[in-house]
Amino acid sequence: MPRGAAAFLQNPFALDLRALGLLRMALAAVLLTDLAIRSTDLEAHYANMGVLPLHVLFANCWTPYQFSLHTMSGLWQVQAILFLVAAGFAGALLLGYHTRLMTVLSWLMLVSLQNRNPLILQGGDDLLRMLLFWGIFLPWGRCYSLDAGRKPVPASFTYFSAATVAYIVQLALLYWCTALLKSGPEWTQDGTALYYALSLDQILMPVGRLLYPHSELLRLLTFGAYYTEMLLPFVLFIPFRVAWWRMVFITVLFLFHIGISLTLFVGLFYLINLASLLALLPASALAVLERHGLPPLQRLQQRVTFHTTAWRNRIDQWPRPITLRLEATWQLHRGSRQLLRSLREGLVLGLLVYICWWNVDSVAPTRRLFSDHSRWLGYLFRLDQHWGMFAPTVFKDDGWYILEATTARGRRLDLNRGAAPVNYRKPASVVSLSPNDRWRKYSENYLFINNAYMRPYYCNYLLRIWQERLPTTPIRQLDVVYMKEVSLPNYQVAPPTREVLCTCAPTVPAKP
């Protein structure tokens, strides 16, 4: 192929090193935010005294190919140490300190954390994990990093490799598979998918409440969302006017995900998706950012670099009774470097083909294209992915939880509403009953009959927490009640039905 034609075909896959630096910082910030939110439930979600003890995890949610440092202990104190270690790696990644090593370590800690409790994961977690994985092979520490201060400014900010191809294809797969999995008539024929989504009080946000009464608008937005996910990724592969097409892609999806965040409670899902777009920023947009938005960030980086260097110099000047110095010299000839680069590119392309085949199998009607014996690699490195948000149809079993506790004196209290007397009326804001999106996702999984094994552990966890916090008000029995309210078409209202999902009692009978 002529060199000009090859360069023309590479255009859609070339990224700016500065944009890659922004992607790195944004993902590191998301990692730190995720760890901060998760840390509020160390015992509940990651310890043996919580809702998923280790023996239950291994019996029901584990494959022989998975690994997790977080399974080394069932104590929340050990989990706290691991969280601090992961935060340290993410902080170093944010600053761009030993960037590639910190990327690998942050990815390992994220995989370990996600494997510890899969019952609280959502689609955004898959995307975050995959972006970090491809980041291992990207030079996203060449700009806006401490590492960049020790290297000359790149002669060109344009960068192309197999990893940039993988990044672009991964974004396209996310939206294509999301659309292809939405095969229900609510998406493809009736246009009622958003009506049913906004009927779910568990995730309904204020702006969604305002949109809900307008059925024709919801129908238009449903088809708009479906065809945006189906058609928009094609613009990423247009080899001419690449910067213009990328800005179209970024602008549309920025508005798309901001709209989702304002209407539905999706946790960090929208932030992860917004962060994933940053590496697409063209040079023209980055030039504007460097003139107006990035100077404070660059000044902060210079200060951090200055103080880091100062502390290194001070440490080097400390007297040492014993000095141990190890020196290693590793020089690769040009041919050897080229060989290693070719091996790396081949590895990335091979993994990309594997992931594409995995996604094709996920949307295939029979799902037999990918043998079970071939999935070990996906489970080991957590390359497995499924982009099934609101697919194939929107979940219609809406409702809210009542944690109905019967005290030793016969009073019935709802532990989900601050131990107020039990009231079966729908609360004004169902979404506010979940402390965060991790608990919301857990409560969603709690409903499915194939997850019935998890129900007693949640019930007993709640019972134990209550007894520890208020031993003067002993509980005789706790019922995890779901007030099921099926979403009906045309704004019809179904009367809620009371379903007891689990009942538990203290091992020692409560005394009045």
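Refer to the structure presented above.
Please read all numbers here as calculations on a predicted model, not as lab measurements. (Residues numbered from 1 in each chain as written. Predicted model: local features only at pLDDT ≥ 70, side-chain atom pairs only at ≥ 80, totals over all residues. Heavy atoms only, no water.)

**Q** If you had to explain the nonpolar core to someone new, which residues and values would you point to?
**A** With 96 residues, the main nonpolar core has Phe133, Trp134, Tyr167, Phe249 and Leu280 as its most contacted residues. The dominant element in this core, judged by the number of residues it contributes, is helix 8 (residues 162–181), at 13 residues. Sequence-distant contacts of Phe133, defined by excluding residues within four places in its chain, comprise Trp107, Leu351 and Leu383. (Core = buried A, V, L, I, M, F, W, Y, C linked by side-chain atoms within 4.5 Å. Buried < 20%, exposed > 50% of the residue type's maximum accessible area, 1.4 Å probe, protein only. Helix = DSSP H or I, 4+ residues; strand = E, 2+ residues; numbered from the N terminus. Contact = heavy atoms within 4.5 Å.)

**Q** Please set out the sheet that holds strand 7 (residues 497–504) residue by residue, giving values where relevant.
**A** Ordered in space as 5-4-3-6-7, the 5 strands form an open sheet in which the pairing is antiparallel. Each edge of the open sheet carries a strand with a single partner, namely strand 5 (420–421) and strand 7. In this sheet, strand 5 lies alongside strand 4 (residues 412–414) in antiparallel orientation, the contact comprising 2 bridges. If you follow Leu413 over to strand 5, its bridge partner there is Pro421. (Pairing = 2+ DSSP bridges.)

**Q** Can you explain helix 12 (residues 215–231)? Please cite residues and give values.
**A** Between its first and last C-alpha atoms helix 12 spans 24 Å; for 17 residues at 1.5 Å apiece the expected length is 24 Å, and the two agree. Those residues of helix 12 lying buried are Leu218, Thr222, Phe223, Ala225, Tyr226, Thr228, Glu229 and Met230. Check the buried side of helix 12 and you find it contacts helix 8, helix 9 (185–188), helix 10 (193–198), helix 11 (206–211) and helix 13 (242–263). (Expected span 1.5 Å × (residues − 1).)

**Q** Would you mind going over the layout of surface pockets in detail, with residue names and values included?
**A** Vacant regions in the atomic arrangement are exposed by a probe of water-molecule size rolled over the atoms. When its volume is computed, the second largest pocket comes out at roughly 730 Å³. Lining the second largest pocket are 28 residues, and of these Leu403, Asn416, Pro435, Tyr458 and Leu462 sit closest to its centre. Elements represented by at least two residues in the lining of the second largest pocket include exactly helix 3 (42–46), strand 3 (397–407), helix 19 (437–447) and helix 20 (455–469). Broken down by element, the residue count for the lining of the second largest pocket peaks at 6 residues, all from helix 20. (1 Å grid on protein atoms, 1.4 Å probe; cavity = no way out; pocket = protein on both sides within 12 Å on 5 of 7 lines; lining within 4 Å. Points joined across faces, edges and corners; volume = space filled by probe spheres on them.)

**Q** Explain the state of the cysteines residue by residue, including any values.
**A** Under the defined criterion, the tally for this structure stands at 1 disulfide. Paired by a disulfide, Cys459 and Cys504 hold their sulfur atoms 2.1 Å apart. Across the disulfide from Cys459 to Cys504, rotation about the S-S bond amounts to roughly -85°, and the bridge is consequently left-handed. Linking Cys459 in helix 20 with Cys504 in strand 7, this pair joins segments that are 45 residues apart in sequence. By relative accessible area, which is 0% here, Cys459 ends up buried. The class for Cys504 is buried, based on a relative accessible area of 6%. Free cysteine Cys356: the closest other cysteine sulfur is in Cys177, separated by 8.8 Å. Judged by its relative accessible area of 23%, Cys356 falls in the partly exposed class. (Disulfide = S-S within 2.5 Å.)

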